[in-house]
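Below are the chains, spelled out letter by letter.
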Amino acid sequence: MKVAPDLGQRLVKWKAVQIPFNSAGLSARQVAMVSKLVEATQYLEDAYWRQSDPEGLALYLRLANSTDPQDKQVRHYLLINGSRYDLLDGNKPFVGDEPYRPGRGYYPASLTRDQIEAYVKEHPDQKDEIYSPFTVVRQDGDKLQSSPYHVAFKSFMQPAAAALREAADLSDDHDFANFLRLRADALLSDDYYQSDLAWVDLKNPKVDVIMAPYEVYLDDLLGVKASYGPSVLIRNEEESRKLAIYEKYVADIQDALPLAPEDRPSKKGQTTPMEVIDAVFRGGDMRHGYQSVADNLPNDPRIHAEKGTKKLFFKNFMDARVNYVILPIAKVLMTPKQASKASGEGYLAGTIMHEICHGLGPAYSRMNGKQVDLREALGPAFSGLEEAKADVVGMFALGWLVEHGALPKDRLQEYYTSYLAGNFRTLRFGIGEAHGQAEMMEFNYHLEHGGFKHDATGRYYVDFAKLSESIASLAKILLEFEAKGDRAGTEAWFKKYDVMPQDLVDSLKKTSEVPVDVDPTFSFPDKIE
Ligand SMILES: [Zn+2]
């Protein structure tokens, strides 16, 4: 077996962290319900491996009883990545010599995108099933056949649905029980619409789940197949209560944005479901790779139009990211005085406002008197611009809340230093995707305008007064790009600001000892089969 020779070094980049399940505040029935939800998660995890990397799964299982240290390392790294492909090495395999399969377990190994497109041209009646988010594609002679998830993964979906129904029977929350039963049906039909509606409508459930195939990141061939990504969530009462402050002012913040009134449609009377929760168990794409700290679901545009989305903030994972990654980076790169101001609270506030501000600003671009969809108007420049808008308008909004007495004045420095520290974390991953592009641009703009500075020793710090101005002017620029649908302007802007300064390249090298992310161990076993 060929194994990357530096596997040990790769493993230490993932900081092992315990993610405990604390049953305090839960009734005996709720605890029993949680274990049923964990069981459903374990079955979805099994299905996920078949989507992600069936051969990787076979290897993981084969090595289960090996006492060889290298085998143990391989197994551990398989678990971290959820496949033989190393996320930190551009998905190159760290074990074996089979190259990366962009179609993962979703499509026949040898099939290319061009071949699928050509096939669909000849068989237009099969297009919908082949491009469906919820089918796997198989080859049968010169025919392609697709099989719905609930058929292909029936042996996992049936027990998962049964576990959800048992959990429903244990729930004293009528709406949550109803949602669980609808979701059990959905796992067996691949039709998530009704259960997604019921999920978004839940009012502050004490226990919640993510229990569906939602994200398509795993599919590098067509980019359409969703992967299972379940999670069991316990409401963090204290932190959730604080969300009321943000919710109360969402409409006022929209009205205060530096934009023409016609470009900031009123948010009065709208509610945004938000929960701060602790994720006590994860499976599938929530379990492997980078550990997410916030989510905004479901992805079904019909639900967006009818209900909006639910915003979830995973407090325990956010704390782990802050403590093991962000604060250690801040210690290396920022002046000691400011590094000590950055905090989990500050990062949480910035993350909450980021997610809220995805929903603020223009709803459409205004072009020649017509409303044009933002994505359509801005093209490939949209993702980076939208992430930057959410960041910068989010920081603008925190400033506004402090100014209007909704948040304590002495918190602003914490928000700003946490913002800079969070920037460094993202920029370590480079500027290849939307978040990196956004934060590189923000960083350079604030540097140019004196909001971010570095001292004689090369350490960075925030000039608080200047950063407020720099945030306000940048927010206006980004919001106007969206309002005008100014694709050329946006592209030129990012081209100008998306170059990593040599100072920063050198500085980031000093953080090589800091972990890239956490590697969670839960109170419940992964139980992969
Ligand atoms: Zn975002």
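Position labels on residues start from 1 in each chain and follow its written sequence. Owing to the predicted nature of the model, reporting of local features is limited to residues with pLDDT of at least 70; listing and counting of side-chain atom pairs is limited to 80 or more, with chain, interface and lining totals taken over all residues. To obtain the side-chain values, all non-hydrogen atoms of the structure were included, while hydrogens and water were left out.

1. Some thoughts on the sheet that holds strand β6 (residues 207-210)
Here comes step 1: Strand pairing is assigned whenever DSSP detects at least two bridges linking the two strands. Numbering of helices and strands runs from the N terminus, with a helix taken as a DSSP run of H or I at least four residues long and a strand as a DSSP run of E at least two residues long. The 5 strands are arranged β6-β9-β10-β12-β11 in an open sheet whose pairing can be described as mixed. With partners counted over all chains shown, the strands left at the sheet margins are β6 and β11 (294-297), one partner each. Between one strand and the next, the sheet's axes are offset by a mean angle of 35°, whatever the strand orientation.
Here comes step 2: Pairing geometry for strand β10 (residues 274-282) and strand β12 (residues 310-314), over 4 bridges, is parallel. Paired with Met-274 across the strands is Lys-311, a residue of β12.
Here comes step 3: Strands in contact with helix α10 (residues 193-201) are β6, β11 and β12; relative to β6, the strand with the most contacts, it is inclined by about 140°.
Here comes step 4: Note on contacts: a residue pair is in contact if any heavy atoms of the two residues lie within 4.5 Å. To obtain each axis, a line is fitted to C-alpha atoms, and for helices this fit is confined to the stretch in contact; angles are then taken between N-to-C directions over 0 to 180 degrees. Running at roughly 80° to β10, helix α14 (residues 315-333) makes contact with β10 and β12 of the sheet.

2. Focus on the packing of aromatic side chains
Here comes step 1: Between the rings of Phe, Tyr and Trp (Trp by its six-membered ring), a pair exists once the centres lie within 6.5 Å; its type follows the angle of the planes, with under 30 degrees stacked, over 60 edge-to-face, and the other angles tilted. Throughout the structure, instances matching the rule amount to 26 aromatic pairs.
Here comes step 2: Centroid distance Phe-153 to Tyr-228: 6.0 Å. Interplanar angle 80°. Geometry classified as edge-to-face. Here Tyr-228 lies in strand β8 (residues 227-228) and Phe-153 lies in the loop between α7 (149-152) and α8 (154-170), a separation of 75 residues in the sequence. Like Phe-153, the residue Tyr-228 is buried in the burial classification.
Here comes step 3: Between Phe-317 and Phe-522 the ring centres are 6.2 Å apart and the planes differ by 45°, which places this aromatic pair in the tilted class. Think of it in three bands: with a 1.4 Å probe and only protein chains considered, a residue is buried below 20% of the maximum accessible area for its type, exposed above 50%, and partly exposed in between.

3. What about unusual backbone geometry?
Here comes step 1: The amide bond that connects Leu-297 to the next residue, Pro-298, takes the cis arrangement and shows omega of -5°.
Here comes step 2: Its location among the elements puts Pro-298 in the loop between β11 and α13 (301-306).
Here comes step 3: The phi angle at Arg-104 is positive, at roughly 50°, despite the residue not being glycine.
Here comes step 4: Following the sequence through the fold, Arg-104 ends up in the loop between β3 (92-93) and α5 (113-122).
Here comes step 5: Its identity as a non-glycine residue notwithstanding, Asn-204 has a phi of 45°, on the positive side.
Here comes step 6: Relative to the helices and strands, Asn-204 resides in the loop between α10 and β6.

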